[in-house]
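Read off the chains here:
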Number of protein chains: 2
Amino acid sequence: MPQTKILLDESDIPTHWYNVVADMPNKPAPPLGPDGKPIGPEALTAIFPMALIEQEVSAERWIPIPEPVREAYRMYRPSPLFRAHKLEAALGTPAKIYYKYEGVSPAGSHKVNTSIAQAYYNAQAGIKRLATETGAGQWGCSLALAGQMFGIDVRVYMVKVSYNQKPYRRSMMQTWGAEVFASPTPNTVSGRKILELDPESNGSLGIAISEAVEEAANRPDTNYALGSVLNHVCHHQTVIGLEAKKQFEKVGEYPDMVFACCGGGSNFAGTAFPFLADKAAGVAKAQNTRLIAAEPTSCPTLTKGHYAYDFGDAVGLTPLMLMYTLGHDFMPPGIHAGGLRYHGDSPLVSQLYHEKLIEAVAVPQVATFEAGVAFARAEGIIPAPESCHAIRACLDEALRCKETGEPKVLFFNLSGHGHFDMSSYDRYFSGQLEDYAYPEHEIEAALHRLPKVGT
Amino acid sequence: MPQTKILLDESDIPTHWYNVVADMPNKPAPPLGPDGKPIGPEALTAIFPMALIEQEVSAERWIPIPEPVREAYRMYRPSPLFRAHKLEAALGTPAKIYYKYEGVSPAGSHKVNTSIAQAYYNAQAGIKRLATETGAGQWGCSLALAGQMFGIDVRVYMVKVSYNQKPYRRSMMQTWGAEVFASPTPNTVSGRKILELDPESNGSLGIAISEAVEEAANRPDTNYALGSVLNHVCHHQTVIGLEAKKQFEKVGEYPDMVFACCGGGSNFAGTAFPFLADKAAGVAKAQNTRLIAAEPTSCPTLTKGHYAYDFGDAVGLTPLMLMYTLGHDFMPPGIHAGGLRYHGDSPLVSQLYHEKLIEAVAVPQVATFEAGVAFARAEGIIPAPESCHAIRACLDEALRCKETGEPKVLFFNLSGHGHFDMSSYDRYFSGQLEDYAYPEHEIEAALHRLPKVGT
């Protein structure tokens with residue numbers, strides 16, 4: 001009988017992260033300061049340890065993973081690759097569907113891959129506290145767990161709408177010893193500014209980032225940690241794709257299409273970039289492999305956004321980055337995939353998309369839950385609403401294969417489980433979920449509010 | 001570096017369940033009918049398929065696991081055995097601590113090991129619907145998942161206090177297509193009887209069992225499925241201990257002490273019985289291994305209950321079983337380990353305890369959460385409140401080893417994760433949890449209400 005789970009040994013945990021910069025046809029556009037001039041690494045030392053800043057600007061193809069980080073990865077890595085036999089049968093598709101399952105991490109998502117690395121480097125640098133933001137709570141949980149492992153106090157600014165929708169993510173962070181605040185808070189200048197404009201503000205990831213960055217910048221013992229977007233975060237996530245390639249090797253397959261959901265971009269980067277390495281290295285079977293980022297129609301950053309310099313946060317504290325953006329003042333609708341509501345996208349993912357090395361698709365909310373339920377009923381695992389976007393995109397392709405009879409090998413990353421998202425499933429079952437396409441005129445209008453620097 | 005996870009291949013999934021009856025010094029006491037006479041297998045055909053009834057009365061040491069059941073197990077089995085390096089370091093104990101993690105099943109606990117088997121045999125027998133009860137929701141989720149896999153409709157009577165405390169367990173069952181009712185319900189004679197006495201009844205596992213059994217007995221297309229207590233359920237769970245033994249063999253160790261939480265008894269049975277097989281077979285290293293059931297002081301069935309014939313349900317619909325019991329009309333306090341609130345215990349576990357082949361310990365609620373949080377902070381995984389009882393008992397032994405310097409090998413089964421129990425953790429952190437020892441006089445009084453048959 002064919003295997004269901006393709007497992008690796010702990011000795012197969014990658015020894016290096018992959019840095020896609022080494023294989024990009026054009027070098028990444030530099031981040032800019034408030035004066036519109038490229039900033040150097042030194043501008044980031046107030047909030048990041050030097051080891052991470054070096055990774056942020058590195059052009060080395062392979063970045064060694066420190067042994068204590070690999071040891072911490074052993075808690076849950078290598079993660080399993082599943083062959084979705086039952087889902088294939090349920091769909092009646094000739095396609096072969098594989099998924100890697102990152103929900104095996106104690107915090108329940110892929111985010112732990114980078115939180116462990118970030119906590120480790122900060123601890124090495126003598127940092128005692130980390131401030132961060134969280135949307136759906138997956139990143140906050142991941143950093144709380146990692147902080148606990150490396151003896152760092154973690155303070156989490158949690159987007160208020162999620163703080164209220166997902167109290168159990170908050171409890172989970174507290175179980176791992178973190179402090180959690182509903183953002184916007186009166187703790188920071190940024191938070192107070194937002195609250196003055198709208199005391200009932202639901203918050204946004206951009207606002208929460210402003211608060212955490214401000215706290216880190218103002219306290220020498222405190223650094224900042226970001227769960228996506230930045231280059232070093234994308235590098236750390238490549239353990240997903242690197243392991244997956246070894247697992248495909250074990251079963252003698254190679255994916256024709258790779259799917260991952262895309263909010264800030266690190267989940268997609270971690271899943272897909274290692275396949276770009278094969279393309280760049282001239283691996284024959286990799287040349288036609290398509291890499292597809294799945295995002296919500298309600299926050300269609302790649303598929304509808306502007307490719308322009310913009311701030312990473314809502315208030316304008318971060319350097320300017322060249323990326324696809326809906327405008328840093330974008331206020332996302334309260335969709336249930338909280339991790340996909342960010343206004344921008346990783347500069348690396350953005351540039352590769354701009355240069356047509358990767359693709360993107362936007363999927364509507366109700367269809368993603370429909371796919372998630374079909375997946376859960378066939379494969380057992382209840383997926384996170386974010387992951388349902390990748391499942392939807394993959395299912396659509398599997399159904400196309402059914403029409404054409406093509407036995408394509410489809411691969412998606414199941415970035416997390418939905419155990420803390422059951423209220424969203426409840427709303428889906430009761431017919432209360434709505435589809436929402438972010439309006440074209442709002443996107444058009446945002447163009448005029450972008451910072452007037454760079455191009 | 002020593003391994004953290006000891007993994008097995010899918011081919012290592014056991015091919016047979018272990019039946020402890022073959023190795024018991026005295027054969028199990030028979031269940032009795034309402035007339036006080038032993039009942040035969042035919043009395044159970046209204047609610048169970050013949051294959052399960054045969055397992056219930058079997059004395060064969062090894063029961064073959066059907067290939068479709070083994071295939072379904074591949075979703076999550078073999079489950080990992082972890083060496084708790086970080087917990088050992090945090091405690092500063094010379095003991096070596098190992099735990100098997102059953103929370104990897106999609107429903108989040110060991111219960112899936114038997115729900116898959118039960119759904120399979122019922123489907124083979126042409127049954128279209130299964131009725132069952134659930135306390136904390138773990139069993140209901142497990143049967144919902146298994147029913148979905150084998151094309152059976154599942155109807156779950158969920159103890160009302162849990163239905164209200166754990167709405168997301170309900171959503172999870174619905175995601176897998178099950179119907180869920182807050183028990184007591186007006187659907188059944190049993191439910192109406194309880195509601196007449198107390199319209200505000202919080203329910204109990206015993207009441208919910210009555211409702212599900214009644215529904216199954218009255219509909220030819222419907223059978224009943226029980227998540228613990230019965231012999232066949234104990235057999236199915238032995239995949240836990242059987243795999244663990246293979247895993248210990250891989251690292252060249254053998255446990256000195258085995259811990260598992262004990263409510264209805266199947267989790268303990270599945271974890272511990274395979275080590276009794278080694279004792280019975282004369283395996284030298286097994287002779288001094290101690291097997292310890294951990295139960296709550298608020299429901300101290302083994303440590304304080306009566307060894308007597310009693311009903312399995314609250315109303316008196318089931319056969320009488322010789323077991324440790326607090327009385328079938330026992331109303332448990334609303335402690336957070338919902339899966340450990342059952343008034344009785346597996347007849348097999350009870351008899352082995354009565355004959356001193358296994359041991360039991362009762363632990364108070366607050367101390368179990370304290371242990372669970374210490375575990376989560378060291379090992380990452382947030383344990384279910386039920387599992388925290390085993391962790392507490394194991395931690396106490398690890399701390400004793402610290403005093404004596406003994407490098408004992410301690411093993412416990414982490415029967416499930418706590419993702420749906422975060423509100424209980426919240427109450428622990430806010431100091432709202434209380435300890436409760438079930439009063440001696442209540443136990444004494446229950447003796448006089450036991451059915452007057454057998455001894």
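Residues numbered from 1 in each chain as written. Chains lettered and ligands numbered in written order. Predicted model: local features only at pLDDT ≥ 70, side-chain atom pairs only at ≥ 80, totals over all residues. Heavy atoms only, no water.

Chemist: Account for the overall build of chain A, with residues named and values stated.
Modeler: Helix and strand content of chain A: 18 helices and 15 strands. Its C-alpha radius of gyration of 20 Å places chain A within 12% of the 23 Å reference for a compact globule of 455 residues. Referenced to the eigenvectors of the C-alpha coordinate spread, the extents of chain A come out at roughly 60 × 50 × 45 Å. Every one of the 455 residues in chain A was classed for burial, and the buried ones make up 66%. Within chain A, contacts between residues at least 6 apart in sequence are counted, and of these 76% link residues at least 24 apart. In the structure as shown, chain A presents an accessible area of about 15000 Å², 52% of it carried by carbon and sulfur atoms. Of the charged side chains in chain A, 39 are positive and 49 negative; the average position of the first set lies 3 Å away from that of the second. (Helix = DSSP H or I, 4+ residues; strand = E, 2+ residues; numbered from the N terminus. Rg over C-alpha atoms; globule rule 2.2 N^0.38 Å. Buried < 20%, exposed > 50% of the residue type's maximum accessible area, 1.4 Å probe, protein only. Contact = heavy atoms within 4.5 Å. Areas by Shrake-Rupley, 256 points an atom, 1.4 Å probe, with all protein chains shown as cover. Lys, Arg positive; Asp, Glu negative; His and termini not counted. Charge placed at Lys NZ, Arg CZ, Asp CG, Glu CD.)

Chemist: Hey, could you go over helix H16 (residues 385–404) of chain A for me, with residue numbers and the actual values?
Modeler: Residue and element names in this part refer to chain A. Compared with the 28 Å implied by 1.5 Å per residue over 20 residues, the 29 Å span of H16 between its first and last C-alpha is a close match. Counting buried positions over the 20 residues of H16 gives 14, a clear majority of the element. Backbone geometry just downstream of H16 places Gly405 in the positive-phi region, at approximately 80 degrees. (Expected span 1.5 Å × (residues − 1).)

Chemist: A description of the side chain of Ser105(A) should follow, citing residues and the corresponding values.
Modeler: Here Ser105(A) shows up in the loop between strand E5 (96–101) and helix H4 (112–124). Leaving out residues up to four positions away in the same chain, Ser105(A) has contacts with Tyr76(A) and Val112(A).

Chemist: Please give an account of the pairing of strand E6 (residues 129–134) of chain A that cites residues and values.
Modeler: Looking down a regular strand, the side chains alternate between one sheet face and the other. Residues and elements named next belong to chain A. Of all 6 residues in E6, 6 are buried; the element is thus mostly enclosed. With burial as the criterion, each face of E6 is covered, one bearing Arg129, Ala131 and Glu133 and the other bearing Leu130, Thr132 and Thr134. By the bridge criterion, 6 bridges tie E6 to strand E7 (residues 153–159) in an arrangement that is parallel. Among the inter-strand pairings, Leu130 is bridged to a residue of E7, identified as Val154. Following the backbone out of E6, through helix H5 (residues 138–150) and into the adjacent parallel E7, one traces a crossover that is right-handed. (Pairing = 2+ DSSP bridges. Right-handed = clockwise from strand over helix to strand, strands pointing away.)

Chemist: An account of the sheet that holds strand E9 (residues 222–224) of chain B is requested, with residue identities and associated values reported.
Modeler: Residue and element names in this part refer to chain B. Taken in spatial order, the 4 strands line up as E8-E7-E6-E9 in an open sheet, and their pairing is parallel. The open sheet has two free edges, formed respectively by strand E8 (179–183) and E9, since each of these has just one partner strand. Put simply, the sheet's adjacent strands are angled 25 degrees from each other on average, direction ignored. On the sheet, helix H9 (residues 205–218) packs against strand E6 (129–134), strand E7 (153–159), E8 and E9 and is oriented at approximately 170 degrees with respect to E6. (Axes fitted to C-alpha atoms, helices over the stretch in contact; angles between N-to-C directions.)

Chemist: Outline the interface of chain A and chain B, listing residues and values.
Modeler: The interface is formed by 44 residues belonging to chain A together with 44 residues belonging to chain B. Of the roughly 3800 Å² buried at the junction of chain A and chain B (both faces included), carbon and sulfur atoms supply 58%. Salt-bridge contacts for Lys5(B) lead to Glu10(A); the nearest nitrogen and oxygen are separated by 3.3 Å. Run the count over chain A and chain B and you get 19 residue pairs in polar contact (both at pLDDT 80 or more). Elements with a contribution of two residues or more to the side of chain A that touches chain B: helix H2 (67–73), H5, helix H7 (167–175), helix H15 (365–379) and helix H17 (422–429) of chain A. Ranked by residues supplied to the side of chain A that touches chain B, first place goes to H7(A) with 6 residues. In terms of residue class, the side of chain A that touches chain B is made up of 22 nonpolar, 11 polar and 11 charged. (Buried area = accessible area lost by both parts, 1.4 Å probe. Salt bridge = Lys/Arg side-chain N within 4 Å of Asp/Glu carboxyl O. Polar contact = N/O pair within 3.5 Å; in protein donor to acceptor, adjacent residues only side chain to side chain. Nonpolar A, V, L, I, M, F, W, Y, C, P; charged D, E, K, R; others polar.)

Chemist: Hey, could you go over the packing of aromatic side chains for me, with residue numbers and the actual values?
Modeler: All names here are of chain A. Under the definition given, this model contains 43 aromatic pairs over all chains. Ring geometry for Phe275 and Phe411: centres 6.1 Å apart, planes at 55 degrees, overall tilted. Taken together, the residues span a long stretch of sequence, with Phe275 in helix H12 (residues 266–280) and Phe411 in strand E15 (residues 409–414) at a distance of 136 residues. We note that Phe275, like Phe411, is buried. (Phe/Tyr/Trp six-rings, centres within 6.5 Å; stacked < 30°, edge-to-face > 60°.)

Chemist: Could you give an account of the environment of Ile127(B), with specific residues and numbers?
Modeler: Residue and element names in this part refer to chain B. Tracing the backbone shows Ile127 in the loop between helix H4 (112–124) and E6. Overall, the relative accessible area of 11% leaves Ile127 in the buried class. Taking the C-alpha atoms as reference, Ile127 lies 30 Å from Leu322; in sequence the two are 195 residues apart. Contact partners of Ile127, with chain neighbours within four places excluded, come to Asn122, Ile152, Pro220, Asp221, Thr222 and Asn223.

Chemist: Tell me about the sheet that holds strand E4 (residues 81–83) of chain A, and please be specific about residues and values.
Modeler: All names here are of chain A. The 7 strands lie next to each other as E1-E4-E5-E15-E10-E11-E14, forming an open sheet whose pairing is mixed. Taken across any chain shown, the strands that pair with only one partner, and hence form the sheet edges, are strand E1 (5–6) and strand E14 (359–363). Strands in contact with H16 are E5, strand E10 (257–261), strand E11 (290–296), E14 and E15; relative to E10, the strand with the most contacts, it is inclined by about 150 degrees.

Chemist: Could you give me a rundown of helix H17 (residues 422–429) of chain B, with the residues and numbers involved?
Modeler: Taken residue by residue, H17(B) has Met422(B), Ser424(B), Tyr425(B) and Asp426(B) as its buried positions. Where H17(B) is buried, its residues contact H7 of chain A together with helix H15 (365–379) and helix H16 (385–404) of chain B. One or two steps after H17(B), the chain reaches Gly431(B), where phi turns positive at roughly 75 degrees.

Chemist: Describe the packing of H12(A) against helix H14 (residues 347–354) of chain A, with residues and values.
Modeler: Residues and elements named next belong to chain A. Following both chains from N to C, one finds H12 and H14 inclined at 50 degrees, their axes separated by 11 Å at the closest point. In terms of orientation, H12 lies oblique with respect to H14. When the axes of H12 and H14 are compared, the crossing they make is left-handed. Residues Phe268, Ala269, Phe273 and Leu276 of H12 pack against Leu348, Val349 and Leu352 of H14. When grouped by side-chain class, the residues that make up the contact of H12 with H14 number 7 nonpolar, no polar and no charged. (Parallel < 35°, antiparallel > 145°, perpendicular 65-115°, else oblique. Left-handed = near helix turned anticlockwise from the far one by under 90°.)

Chemist: Tell me what's going on with the relation of the copies chain A and chain B, and back it up with residues and numbers.
Modeler: Its rotation angle being 180 degrees, the transformation that places chain A on chain B also includes 0.0 Å of axial translation and leaves an RMSD of 0.0 Å. What the superposition gives is, in effect, a two-fold axis relating one chain to the other. Considering only C-alpha atoms, the part of chain A nearest the rotation axis is His419(A), at 3.3 Å. The residues that chain A uses at the interface reappear at the interface of chain B in 100% of cases, marking a shared surface. (Least-squares fit on C-alpha atoms with pLDDT ≥ 70 in both.)

By themselves, these observations are geometric and do not establish any function.
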